[in-house]
Amino acid sequence: MQPTDSNTATASDAKSPATDSQTIIVPPSKKKSKPSSKTRRRLKDAEPIPFTIERLSHDGRGVAIYGNGFGVDDGHAEDKHGKTTFVSFALPGESALVKITNSRASFEEGDAISITANPNPERTVPPCPHFGVCGGCNLQHWQPDSQINFKQSVLAEMLIHQANVEPDNWLAPVIGDRLGYRTKARLGVRYVVKKETALVGFRERSSNFLAELNECHILDPRIGFEIENLKMLISTLESRDKIAQLELAMGEQMPELPDGNQPVALIVRNLEPLSDADIDKLKVFFAARNWQLYLQSKGVDSIQRIALTDADDLSEQFGRLYYQLPEYDLTFEFIPTDFTQVNLSVNRQMTKLACDLLDLKPGERVLDLFSGLGNFSLPLARLVGETGSVVGVEGSEAMTARAATNARRNGINNTEFYSQDLTQDCTNQPWANQGFDALLIDPPRSGAWDIMQYLPKFNAERIVYVSCNPATLARDTKALLEQGYRLTHAGVMDMFCHTGHVESIARFEKVAV
């Protein structure tokens, strides 16, 4: 549930990131945030309680304190005075009526069901009618410009707290599509007998139940506004209660390339084999939309493409999807199960920013760690030219092969790709001993702590670190500072607008001795 009072306001001007550790605090872990069944029963009929929202936690929830401005008659029991409450859908300075949803010894959690006074000027009307119930996003009540400015303040606070550093320069936030941007997702499916309809979408907030959605404003509209039609389709199938999940991946329309006129792919997770009649219904639905259809009965190896036309090539397990980086005249090929960035508009800007920050010159050698399908490697290769080179290293052999394929199809000959466990010191490998002028690293959420231990051996003058977790970026920043690097630039990117996820980028430069 979201607050009933949502005043619309215009986007605010960009602000300098706050570094005061008192402005934002770390929220509880997901494990602690899940209330027990006993707690849920106890709180189900409890009356809402008034609070004043004082600041925000790292995930964008309001933070309120029992006893601050309220007494026992307001529901603030004396033994709770001083206890922290994390409030969803609330912004600083607001007076909110809060329904408590979880209670622990050291904190409580709740939802703002109404804003009773002092609505924050950055509050706005959520664009999606399902916001507040669906767990797909949690910040639609807040203006997007304010969201990204806050995320930059989170990064700034973590850099101060963990590494005691501020960058020499703060980068302007990278902003792209803020609605209809998500091109990768897994949607749950469940047929509800009592309602005689299927549910398709994300789970409800803090729940294992699927939200009852008709549309999604965060998903690419090619799927986001087809949810109602997907529900109706699944409800007509004989195996409607045996469909568990839809995994979707989307690329760009490129009709001149194989499968390029089918830029949307859905993998239907079927718990039992589908009848011919059900498959025919799926084929008609998918063919009408030029989507690729796959069935998955067990593991990844069981994924099977279903031909919709005579032109569909079934010689390989997967068809092809594509996206472009026009700035570098690059077209990337991928399959539906590959990792790709979910926001293509931000990805275009992010790759250019990373390349600009590395300030490459023709003839230089670059190392790209966690190189994936070559998203950064190939633009870097364009910049260093034929006299330079790029080495991409990735843990997945399949993605390493995909990167090499993408290099060939784009006519790039100055790249080498290797599959390597990057948690282990790999500096004794032949490719690692050739010397590098610059290094780019784009690790998973866990960061690159293992790599930080041997990274100085590469002796790179410049490093760009792309991160999907500001906490691990800040931790690894401390290691780089101790190894003789200076943090010259840092900033955030609006890859996941309307959620608490923070994508960030940082540039390091070796300090001259």
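Overview of the structure. Here the residue numbering is sequential within each chain, running from 1 through the sequence in written order. Restriction of local features to residues with pLDDT of at least 70 applies here, the model being predicted, together with a cutoff of 80 or more for giving and counting side-chain atom pairs; totals for whole chains, interfaces and linings are based on all residues. Only hydrogens and water are set aside; all other atoms, that is, all heavy atoms of the structure, feed into the side-chain values.

## Looking at the overall build of the protein chain
Next up, step 1: The numbering of helices and of strands both runs from the N terminus, where a helix is a DSSP run of H or I of at least 4 residues and a strand a run of E of at least 2. Helices and strands together make up the secondary structure of the protein chain, namely 11 helices and 23 strands.
Next up, step 2: We take the radius of gyration over the C-alpha atoms and set the globule estimate at 2.2 Å times the residue count to the 0.38 power. Relative to the 2.2 N^0.38 estimate, which gives 24 Å for 513 residues, the radius of gyration of the protein chain is 25 Å and therefore close to what a compact globule would have.
Next up, step 3: Each principal axis of the C-alpha distribution contributes one length, and for the protein chain these read about 75 × 70 × 40 Å.
Next up, step 4: Buried means the residue's accessible area, taken with a 1.4 Å probe over protein chains only, is under 20% of the maximum for its type, while exposed means over 50%, and partly exposed covers the values in between. Within the protein chain, the proportion of its 513 residues that are buried is 55%.
Next up, step 5: What makes two residues a contact is simply this: any of their non-hydrogen atoms within 4.5 Å. Excluding contacts between residues fewer than 6 apart, the proportion of contacts in the protein chain whose partners are at least 24 apart in sequence is 67%.
Next up, step 6: For the area figures, the Shrake-Rupley method with a 1.4 Å probe applies, and any residue is considered shielded solely by the protein chains shown. Surface accessibility of the protein chain: about 22,200 Å² in total, with carbon and sulfur atoms responsible for 49%.

## Some words on the environment of Arg123
Next up, step 1: Within the element layout of this structure, Arg123 appears in the loop between strand E7 (107-117) and helix H3 (144-163).
Next up, step 2: Two N or O atoms count as a polar contact when they lie within 3.5 Å, although within protein this holds only if one can serve as hydrogen donor and the other as acceptor, and sequence-adjacent residues are included solely when both atoms are side-chain atoms. In terms of polar contacts, Arg123 uses its side chain to reach the backbone carbonyl oxygen of Phe89, at 2.8 Å.

## Examining the state of the cysteines
Next up, step 1: Two cysteine sulfur atoms make up a disulfide if the distance between them is within 2.5 Å. Here the structure, examined in full by the defined rule, presents zero disulfides.
Next up, step 2: Looking at Cys128, it has no disulfide partner, and the nearest cysteine sulfur is the one in Cys216, 6.0 Å off.
Next up, step 3: We classify Cys128 as buried; its relative accessible area is 9%.
Next up, step 4: Left unpaired, Cys355 is separated from the closest cysteine sulfur, that of Cys468, by 19 Å.

## Brief notes about the side chain of Asp312
Next up, step 1: Relative to the helices and strands, Asp312 resides in the loop between strand E14 (304-306) and strand E15 (321-325).
Next up, step 2: Looking at Asp312, its side chain comes within polar contact range of the main-chain nitrogen of Leu308, at 2.6 Å.
Next up, step 3: Here the side chain of Asp312 touches Thr309 through a polar contact of 3.1 Å, landing on its backbone nitrogen.
Next up, step 4: Apart from residues lying up to four places away in sequence, Asp312 is in contact with Gln262, Arg305, Ile306 and Ala307.

## Regarding the sheet that holds strand E8 (residues 169-170)
Next up, step 1: With mixed pairing, eight strands are arranged side by side in an open sheet as E8-E22-E23-E21-E20-E17-E18-E19. Where the open sheet ends on each side, the last strands, each with one partner, are E8 and strand E19 (415-419).
Next up, step 2: Here, strands pair whenever DSSP counts at least two bridges between them. Pairing analysis gives five bridges linking strand E18 (residues 389-394) to E19, with the strands arranged parallel. Paired with Glu394 across the two strands is Ser419, which belongs to E19.
Next up, step 3: Orientation is described by axes fitted as lines to C-alpha atoms, over the contacting stretch for helices, and by angles from 0 to 180 degrees between their N-to-C directions. Relative to strand E22 (residues 485-493), H3 is tilted by about 155 degrees, and along the sheet it contacts E8, E22 and strand E23 (503-510).

## Here's the deal with the packing of aromatic side chains
Next up, step 1: The pairing test for Phe, Tyr and Trp rings, Trp by its six-membered ring, is centres within 6.5 Å, and the orientation test on the planes gives stacked under 30 degrees, edge-to-face over 60, and tilted for anything in between. All chains considered together, the criterion is met by 14 aromatic pairs.
Next up, step 2: An angle of 70 degrees between the planes, with centres 5.3 Å apart, marks the rings of Phe89 and Phe131 as edge-to-face. Linking Phe89 in the loop between strand E5 (84-88) and strand E6 (95-103) with Phe131 in the loop between E7 and H3, this pair joins segments that are 42 residues apart in sequence. There is no split in this pair, since Phe89 and Phe131 are both buried.

Purely geometric stuff here, so don't read any function into it on its own.
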